[in-house]
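As a plain string of letters, each chain reads:
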Amino acid sequence: MTLSYELETAKTIARLAAGICQSIQDELVSPSLKDGREPVTIADYASQALIGHALSENFPDDAVLSEEHSEEFMLLLNDRQRALVSRFLTDAVGGYVFEEQVCAWLDFGKQKQAERTWIVDPIDGTKGFLGGRHYCVAIALMIGGEPVLGALASPGFYSDEDEPPEDHGALTYAMQGAGAYRESLAGGEREPIQVSMITDPRAAMLLTSFEEEHTDLSFIDDVSRALRRGPDAPRRGLDSQDKYAMVASGMGDMYLRVTPDPRFREKLWDHAAGCVIVSEAGGRVTDLAGRPFDWTTGTRMVNNRGVIVTNRFLHNAVLDAITRSGWAK
Ligand code: AMP
Ligand code: MG
């Protein structure tokens, strides 16, 4: 089975959706906004509608798993906000986009049982989008309960590097059995990416969420201690699945995530694309207990707690540290 067409389409769609997010960011994100979340709301709906539109044209029989629904679009947004979504979509696709069209695109593929399901996060890392940090558009395809390809379009990928390339954005993608790659978001040559070969957990670059409520800091502290990492061990907080893209390309060596609420279960669209990319780049992804993710439980992974992503060489040391520090129950 070759999925080259699916991968190329996912890349194109992710790029277009990231473009619409950037336009909305340029126009609407400003420190003086009254309602701080409005640009995210507009961008979430516009990005998901654009993705739904493109998927419906290319893969009309497939199912889609994504966060937003037309019902809330009609209920929660006021007239002006809905008109903004229409206007940004009109600019992106050419030809006026009516509200009914937005609703149909938002709901494309929902509640459908199909062998193939697209897993979509129209903006992953919403706080990063608002704060001018990292965010991405994440698109994955799951076949028979297993993600088989993923694309992450990340406009702010190099935004906090000391010497960023001219294009701050990156497109990172992979297909099962075909390796992982990165291109400039603006387009250009693809470059194969691979995980690092660092084996010493004390020297490893640890990635965590930028938002502290998304990761239990006592977990990070306990595991770091069990790994004998000192206070100056390399560590970086950043939003979105860009963390997966960084581990996949050796810019980070491990990404640890456990939320403070033990009942919290991760949503599929926050991990599916990243997981394929890291696996194809040679890395490993499991839950706290070292189990692979079970993708067959709906919108959340109810059978897994926590997320451990490494370059594979560090994985056993991390799992062992988690057991020793009492977190694997
Ligand atoms: P990150 O950018 O790594 O902080 O993760 C962003 C994702 O965290 C969002 O897409 C949400 O789905 C998810 N999220 C939202 N609330 C929580 C929470 N309380 N704990 C963990 N993850 C969350
Ligand atoms: Mg997300």
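The shown structure was predicted, so the numbers you read here are calculated from the model rather than taken from an experiment.

Engineer: Mind laying out the coordination of the magnesium ion (ligand 2), listing which residues take part and the relevant values?
Structural biologist: Within the protein, the magnesium ion (ligand 2) binds to Asp121 (OD), Asp124 (OD) and Asp270 (OD); these donor distances fall in the range 2.0 to 2.4 Å. Donor residues for the magnesium ion (ligand 2), ordered by position in the chain, follow D-x2-D-x145-D. Of the two residues, aspartate 124 is situated in strand β2 (residues 116–124) and aspartate 270 in the loop between β10 (254–257) and α9 (272–280); the sequence distance between them amounts to 146 residues. Across the pair, aspartate 270 and aspartate 124 agree in class, each one buried.

Engineer: Can you explain the pattern of salt bridges? Please cite residues and give values.
Structural biologist: One pass over the structure, following the stated rule, counts 23 salt bridges. The partner of arginine 225 in a salt bridge is aspartate 222, and the shortest N-O contact between them spans 3.4 Å. Of the two residues, arginine 225 and aspartate 222 are both situated in helix α7 (residues 217–226); the distance of 3 residues between them amounts to about one turn of the helix. When its relative accessible area of 57% is taken as the criterion, arginine 225 is described as exposed. The network of salt bridges with common partners includes Glu8, Lys11, Arg15 and Glu183.

Engineer: Can you tell me about the site of ligand 1, naming the residues and giving the values?
Structural biologist: Neighbouring ligand 1 are Asp121, Asp124, Ser209, Glu213, His214, Asp239, Ser240, Lys243, Arg257, Thr259, Phe264 and Asp270. Contacts to ligand 1 include histidine 214, whose side-chain N or O atom sits 2.6 Å from an oxygen atom. A distance of 2.8 Å separates an oxygen atom of ligand 1 from a polar side-chain atom of arginine 257. Relative to its unbound accessible area of 500 Å², ligand 1 is 77% covered by the protein chains. Its residues placed into classes, the shell around ligand 1 shows 1 nonpolar, 4 polar and 7 charged.

Engineer: So what's going on with the sheet that holds strand β7 (residues 191–193)? Residues and values would help.
Structural biologist: Here we have 7 strands laid out as an open sheet, ordered β1-β2-β3-β4-β5-β6-β7, and mixed in their pairing. Looking along the sheet, the strands with just one partner apiece sit at the ends: β1 (63–66) and β7. When the angles between neighbouring strand axes are averaged without regard to direction, this sheet yields 20°. The sheet contact formed by strand β3 (residues 136–143) and strand β4 (residues 146–154) spans 7 bridges and is antiparallel. Within the sheet, the bridge partner assigned to methionine 142 lies in β4 and is proline 147. Across the face of the sheet, helix α1 (residues 4–28) comes into contact with β2, β3, β4, β5 (170–175) and β6 (180–184) while running at roughly 35° to β4. Most of the contacts of helix α2 (residues 38–58) go to β2, to which it runs at about 155°, and overall it touches β1, β2 and β3.

Conventions used here
For every chain, the first residue of the written sequence is number 1, and numbering continues from 1 onward in sequence order. Chains carry letters and ligands carry numbers; both start at the beginning, A for chains and 1 for ligands, and go up in the order they are written. This being a predicted model, a pLDDT of at least 70 is required before a residue's local features are given, and a value of 80 or more before pairs of side-chain atoms are given or counted; all residues contribute to the totals for chains, interfaces and linings. Heavy atoms throughout the structure, all of them, feed into the side-chain values; hydrogens and water do not. Metal donors: N, O and S atoms at distances within 2.8 Å, or within 3.2 Å for Na, K and Ca, with water omitted from the atom set so that some sites may seem incomplete. Secondary structure is summarised from DSSP: a helix means a run of H or I of at least four residues, a strand means a run of E of at least two, and numbering begins at the N terminus for each. Relative accessibility decides the category of a residue: with a 1.4 Å probe and only protein chains considered, values under 20% of the type maximum give buried, values over 50% give exposed, and everything between is partly exposed. One side-chain nitrogen of Lys or Arg within 4 Å of one carboxyl oxygen of Asp or Glu is enough to make a salt bridge. We call a residue near a given molecule or strand whenever any one of its heavy atoms falls within 4 Å of it. Here a polar contact means two N or O atoms within 3.5 Å. Within protein one must be a hydrogen donor candidate and the other an acceptor candidate, and residues neighboring in sequence count only if both atoms are side-chain atoms. Each accessible area is a Shrake-Rupley estimate made with a 1.4 Å probe; only the visible protein chains count as cover when residues are assessed. Each residue receives one of three labels: charged for Asp, Glu, Lys and Arg, nonpolar for Ala, Val, Leu, Ile, Met, Phe, Trp, Tyr, Cys and Pro, and polar for the others, Gly being one of them. Two strands qualify as a pair provided that DSSP identifies no fewer than 2 bridges between them. In this analysis an axis means a line fitted to C-alpha atoms, helices contributing only their contacting stretch, and an angle means the value between N-to-C directions, from 0 to 180 degrees. Should any heavy atoms of two residues lie within 4.5 Å, those residues are considered in contact.

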